[in-house]
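For reference, the chains in residue letters:
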Amino acid sequence: METEVITIDGPTSSGKNSVGFLLAQKLGYQYIDSGSIYRAGSIFVLRNNISPDSEKVAEVFKNLQIETKTQDHEVRFLVNGEDITDHLHDPEVTKTVPIVAAIGEVREEVKKIQYNLVNSKNTVMTGRDIGSEIFPDAMHKFYLTASVEVRAQRRFKQLVEKDPKVKYEEILKSMEDRDEKDMTREVSPLRIPEDAVVIDNSDLTIEQTVEKMLKYIQSNVIANEVKQSGSG
Ligand code: DC
């Protein structure tokens with residue numbers, strides 16, 4: 001039986017990860033955040049003192065053996081058997097990952113990892129190019145977004161708990177910059193996949209967003225069954 005992939009793309013802090021994880025749980029699918037694959041590779045680029053724009057970066061991604069497991073309501077990332085989840089959002093990694101993710105050969109290696117991960121399991125995968133480049137034939141595709149102010153506010157809330165000195169205005173500015181970079185980069189820019197359902201969740205909770213998605217999935221399945229019985 002062929003496995004099913006549900007794709008969720010969208011800008012930074014659009015809630016993709018929380019929504020993707022909950023949707024996967026409700027459906028009994030595995031959840032993969034593809035940003036974590038780029039982040040995992042970046043950890044090893046840094047560890048090996050490789051410059052992020054060097055030709056050796058793609059080699060690092062070629063050697064990544066990635067497995068995931070769900071533990072205590074979160075997905076843990078194992079690389080070559082080592083659990084590196086707690087380092088995925090280290091500031092150095094966050095700085096390195098956009099440079100690494102803009103390299104075409106790295107994206108080709110990540111594509112192979114993505115195909116391997118969904119090989120035998122139904123999957124919800126989030127990212128920037130999942131419905132457009134990686135699984136263009138997926139039956140259910142979503143594009144999740146929210147206003148840049150709402151997304152900056154969400155990030156601010158997360159960060160201010162760790163550092164009370166962070167400023168909302170600075171976060172807003174850096175988010176606007178990052179949107180611009182993600183949408184205008186030459187390799188796989190962030191875009192709405194042609195046949196994706198767009199959900200603006202500025203005024204929705206995670207649960208409400210997932211409910212909305214489940215409704216779309218159900219109606220899509222029914223529409224598909226009607227189409228198939230009509231043609232058969
Ligand atoms: O979603 P995130 O912040 O964890 O993503 C980390 C980086 O990886 C970010 O620079 C965008 C990039 N990325 C990408 O280019 N394509 C994806 N499918 C997922 C993430």
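Read on for an overview of the structure. All figures in this text were calculated on a predicted structure; none of them were measured in a lab.

The rules behind each value
- Residues numbered from 1 in each chain as written.
- Predicted model: local features only at pLDDT ≥ 70, side-chain atom pairs only at ≥ 80, totals over all residues.
- Heavy atoms only, no water.
- Helix = DSSP H or I, 4+ residues; strand = E, 2+ residues; numbered from the N terminus.
- Expected span 1.5 Å × (residues − 1).
- Buried < 20%, exposed > 50% of the residue type's maximum accessible area, 1.4 Å probe, protein only.
- Polar contact = N/O pair within 3.5 Å; in protein donor to acceptor, adjacent residues only side chain to side chain.
- Core = buried A, V, L, I, M, F, W, Y, C linked by side-chain atoms within 4.5 Å.
- Axes fitted to C-alpha atoms, helices over the stretch in contact; angles between N-to-C directions.
- Parallel < 35°, antiparallel > 145°, perpendicular 65-115°, else oblique.
- Contact = heavy atoms within 4.5 Å.
- Nonpolar A, V, L, I, M, F, W, Y, C, P; charged D, E, K, R; others polar.
- Pairing = 2+ DSSP bridges.

**Thoughts on helix α2 (residues 34-47)**
Look at α2: 20 Å from first C-alpha to last across 14 residues, which is about the 20 Å you get at 1.5 Å a residue. When you tally the buried positions in α2, you get 11 out of 14 residues, the bulk of the element. All of the buried residues in α2 are Ser34, Ser36, Ile37, Tyr38, Arg39, Ala40, Gly41, Ser42, Ile43, Phe44 and Val45. Capping the start of α2, Asp33 holds a side-chain oxygen 3.1 Å from the backbone nitrogen of Gly35, two or three residues further along. With its phi angle positive at about 55 degrees, Asn49 sits one or two positions after the end of α2.

**A closer look at the nonpolar core**
Counting 50 residues, the largest nonpolar core has Leu23 and Ile66 as the members making the most contacts within it. Broken down by element, the residue count for this core peaks at 6 residues, all from α2.

**Points about the packing of α2 against helix α4 (residues 91-101)**
To characterise two packed helices, one gives the angle between the axes of the helices and the distance between these axes. Remark: α2 packs on α4, axes separated minimally by 9 Å, with the N-to-C direction vectors making an angle of 105 degrees. Our classification of the angle between α2 and α4 gives roughly perpendicular. Across the interface between the two elements, Tyr38, Arg39, Ser42, Ile43 and Leu46 of α2 pack against Glu92, Val93, Thr94, Thr96, Val97, Val100 and Ala101 of α4. Per-class residue counts for the contact of α2 with α4 are 7 nonpolar, 3 polar and 2 charged.

**Quick look at the sheet that holds strand β3 (residues 66-71)**
Here we have 3 strands laid out as an open sheet, ordered β3-β4-β5, and antiparallel in their pairing. Looking at which strands have only one partner, the edges of the open sheet turn out to be β3 and β5 (82-83). Looking at chain direction, strand β4 (residues 74-79) and β5 are connected through 2 bridges and run antiparallel. Pairing of Leu78 across the sheet is with Asp83, part of β5. Where α2 meets the sheet, it contacts β3, β4 and β5, and its direction lies at approximately 40 degrees from that of β4.

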